[in-house]
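Examining the three-dimensional arrangement
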Amino acid sequence: MDNAEMSPSADGDKSGSLLDRLFKLRAKNTTVKTELMAGLTTFVTMCYVVFVIPGMLGDAGMDKGALFTATCLVAGLSTIAIGLFANWPVGLAPGMGLNAFFAYAVVLGMGYTWQAAMGAVFWGGIGFMLLSLFKVREWIVDSIPVGLRVGITSGIGLFLALIGLKNAGIVVASPGTIVTLGDITQFGPMMASLSLFLILGLAFRGLKAAVLIAIAVVTSIALLAGDVVFNGVASAPPSVMPIVGELDIMGALNPEMLGVIIAFMFVNLFDTTGTLIAVGDKAGLADENGKMHNMNRAMVTDGTASWAGALMGTPTVTSYVESASGVAAGGRTGLTAVTIGLLFLLCTFFSPLAGMVPAYATAGALIYVAVLMVGSLANIDWNDLTEAGPVLITTIMMPLSFSIANGIALGFIAYPVIKVLAGRSSDVSISVWVLAVIFALKFVFFGV
């Protein structure tokens, strides 16, 4: 490939030199055209969030129209911010697992108002940002054992799978057995199954828009069957006023919510940091010593987005692993992120489409994300019972207790106890001991 082809200005864009100075395109061996296509690729793979998240949080009593607009705005602005400030090709948006935790565990399960739960998101985001600013975040991630991190990731995956199966009507409540199989011959469960099968089949074939295509196909079938109503394609964005600034910051300082705040903070810490490391490595952002360029800037940006998103009315913002699809398409700089962000902002005008997507159409997406997250269990040495035990406890207790926070707490308590009894107390870091004590005290004094 010659130099002219690799030059950003060779794309015919007069702003090429300006973009080159801003995003260092030549230094990253990329072009404006490549970055724009990479941004479009990532957007297509992650834009399903604007359909899924309003439905999940709507179950918690929040206004779905306002949620659609807020999700688009928060995803768009935070992604543009990481592109401009850190020059990273990463897409940000409210996290799927934490949204499920927010809606189904904290609000519907524990009985807190969504305003108080959003306040907990705010404080978790503030803590997350401070950990990033003072570089404590990197130390914590390095000192938390891989097993617990994997347990958290896979546990959230199982929690998402349970939510998806419940929303689809495939799994229903049963007084005798707690849960049981629903009537899978009904229209909703059948369509949810079709959604999942389409996603898995198309994703295996390498189709980057697999999730979006599956949602579109199932929604179209539902429209033809008369199960949903067509209300148009585009319109003015719904107002965000029903949710913006409505969080209860002081109410979230209730000591009983300490575990919830810690859960929001630490789940995002592991999830986002892991995603940044994975995507940064694929994008070639590491120097010869393995240090990621502008890593702290990226961390501060997503940390700031976490509490700022709460002010807008959306739960914790996180980096999306789907960003790897844009990197695979050649994205190397923040221009990819800016492109993703602008497309999310443009999405605000298509709320009628989001409003007609039924819950069973997005259930397949939740289960698909669960498949990806549970896959991390392959990294565990199952012959080491001192690692495997805490992982299983963390993973399985999230869906069984219907609480990400309880799963994390029980895993952190179990880890040092098992290690000590096995004569391997040297494996336990100071940070794990501190968190184990905090979680134990929380159960003793404030219950579950």
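Residues numbered from 1 in each chain as written. Predicted model: local features only at pLDDT ≥ 70, side-chain atom pairs only at ≥ 80, totals over all residues. Heavy atoms only, no water.

**Some details on the pairing of strand 2 (residues 171–174)**
Our working rule: Here a strand pair is declared whenever DSSP counts at least two bridges between the two strands. Here a helix means four or more residues in a row that DSSP labels H or I, a strand means two or more in a row labelled E, and each is numbered from the N terminus.
Bridge count for strand 2 against strand 3 (residues 178–181) is four bridges, and the pairing is antiparallel. The residue of strand 3 that forms the bridge with Ala 173 is Val 179. As consecutive antiparallel partners, strand 2 and strand 3 are separated by three residues.

**Some details on the nonpolar core**
Here is a general trend for soluble globular proteins: nonpolar side chains tend to be buried in one another's company. Condition: Working definition of a nonpolar core: buried Ala, Val, Leu, Ile, Met, Phe, Trp, Tyr and Cys residues. They are joined through side-chain atoms within 4.5 Å. Note on exposure labels: buried denotes an accessible area under 20% of the residue type's maximum, exposed denotes more than 50%, and partly exposed covers the range between, all computed with a 1.4 Å probe on protein chains only. In what follows, a contact means two residues having at least one pair of non-hydrogen atoms within 4.5 Å.
If you look at the biggest cluster of nonpolar residues, it comprises 104 residues, and the most contacted ones within it are Tyr 48, Phe 101 and Phe 102. Setting aside chain neighbours within four positions, we find Tyr 48 in contact with Met 96, Val 211, Ile 215, Tyr 320, Glu 322, Ala 365 and Val 369. Counting residues in hydrophobic clusters, the runner-up holds 18 residues, among them Val 74, Val 90, Leu 285 and Met 292.

**With respect to the confidence of the model for the protein**
Put simply, the rule reads: Per-residue confidence from the predictor is reported as pLDDT, a score between 0 and 100.
In this model, the protein carries a mean pLDDT of 84, and residues with pLDDT of at least 70 account for 93%. Below pLDDT 50 for its whole length, residues 1–13 participates in 23 contacts with residues either more than four positions away or in separate chains.

**Structural notes on the packing of aromatic side chains**
Basically, it comes down to this: Centre distance within 6.5 Å is the pairing criterion for rings of Phe, Tyr and Trp, where only the six-membered ring of Trp is used; planes under 30 degrees apart are then read as stacked, over 60 as edge-to-face, and the remainder as tilted.
Taken as a whole and judged by the stated rule, the model has six aromatic pairs. Between Phe 187 and Tyr 360, the aromatic rings sit 5.8 Å apart at their centres with planes inclined by 90°, giving edge-to-face as the arrangement. Residue Phe 187 is found in helix 10 (residues 187–204), and its partner Tyr 360 is found in helix 17 (residues 359–374); the two are separated by 173 residues along the sequence. Classification of Phe 187 by relative accessible area gives partly exposed; the value is 30%. Ring centres of Phe 412 and Phe 439 lie 5.9 Å apart, and the angle between their planes is 45°; this geometry places the pair in the tilted category. Placement of the pair is Phe 412 in helix 19 (residues 404–421) and Phe 439 in helix 20 (residues 430–446), with a sequence separation of 27 residues. Here the two residues Phe 412 and Phe 439 agree in accessibility, since each one is buried.

**A look at the side chain of Ser 174**
Here Ser 174 shows up in strand 2. Here Ser 174 is in contact with Val 179 and Thr 180, once residues within four sequence places are set aside.

**Quick notes on the environment of Val 211**
By secondary structure assignment, the location of Val 211 is in helix 11 (residues 210–224). The class of Val 211 is buried, set by a relative accessible area of 6%. C-alpha of Val 211 to C-alpha of Leu 196: the two residues are 15 residues apart in sequence and 8.6 Å apart in space. Residues contacting Val 211, with those up to four places away along its chain left out, are Tyr 48, Ile 199, Ala 365 and Tyr 368.

**What to know about a nonpolar patch on the surface**
This is how the line gets drawn: To count toward a patch, a residue needs a relative accessible area above 30% and no salt bridge. Like charges then connect within 9 Å, nonpolar side chains (Val, Leu, Ile, Met, Phe, Trp, Tyr) within 5 Å. We get accessible surface area from the Shrake-Rupley algorithm with a probe of 1.4 Å; when it comes to residues, only the shown protein chains can shield them. Basic side-chain nitrogens of Lys or Arg form a salt bridge, by our definition, when they fall within 4 Å of a carboxyl oxygen of Asp or Glu.
The grouping of Leu 223, Phe 230, Val 233, Leu 346, Phe 349, Phe 350 and Leu 353 at the surface amounts to a nonpolar patch, some 580 Å² of accessible area in total. When you line up the elements, Leu 223 lands in helix 11.

**Comments concerning the environment of Met 299**
Tracing the sequence through the fold places Met 299 in helix 13 (residues 295–312). It is 23 Å that separates the C-alpha atoms of Met 299 and Val 50, two residues lying 249 residues apart in sequence.

**Notes on the side chain of Thr 394**
Along the polypeptide, Thr 394 turns up in helix 18 (residues 385–401). Those residues in contact with Thr 394, other than ones at most four positions away along the chain, are Leu 148, Gly 151, Ile 152, Gly 407, Ile 408 and Gly 411.

**Focus: the packing of helix 6 (residues 96–107) against helix 7 (residues 114–133)**
Operational definition: Axes here refer to lines fitted to C-alpha atoms; in helices the fit is confined to the stretch in contact. Angles between the N-to-C directions go from 0 to 180 degrees. Note that the term roughly parallel is reserved for angles under 35 degrees, roughly antiparallel for angles over 145, roughly perpendicular for angles of 65 to 115, and oblique for everything else. Handedness of a crossing is defined here by the sense of rotation of the near helix relative to the far one, left-handed for an anticlockwise turn of less than a right angle and right-handed for a clockwise turn. Ten residues, namely Ala, Val, Leu, Ile, Met, Phe, Trp, Tyr, Cys and Pro, are considered nonpolar, four, namely Asp, Glu, Lys and Arg, are considered charged, and the remaining ones, Gly among them, are considered polar.
Look at helix 6 against helix 7: their axes get within 10 Å of each other, and the N-to-C directions meet at 125°. The angle between helix 6 and helix 7 places the two elements in the oblique class. Relative to helix 7, the crossing made by helix 6 is right-handed. Note on element contacts: helix 7 touches helix 6 through Trp 114, Ala 117, Met 118 and Val 121, opposite Phe 102, Val 106 and Val 107. In terms of residue class, the contact of helix 6 with helix 7 is built from seven nonpolar, no polar and no charged.

**Looking at the pattern of salt bridges**
Where side chains of opposite charge bring their charged atoms close, a pairing between them can arise. This model, assessed by the stated rule, comprises five salt bridges. Close ionic contact of Arg 26 with Asp 20 constitutes a salt bridge, the shortest N to O distance being 3.1 Å. Across the salt bridge formed by Lys 419 and Glu 387, the nearest N and O atoms sit 2.9 Å from each other. With Lys 419 in helix 19 and Glu 387 in helix 18, the pair connects residues that are 32 residues apart, well separated along the chain.

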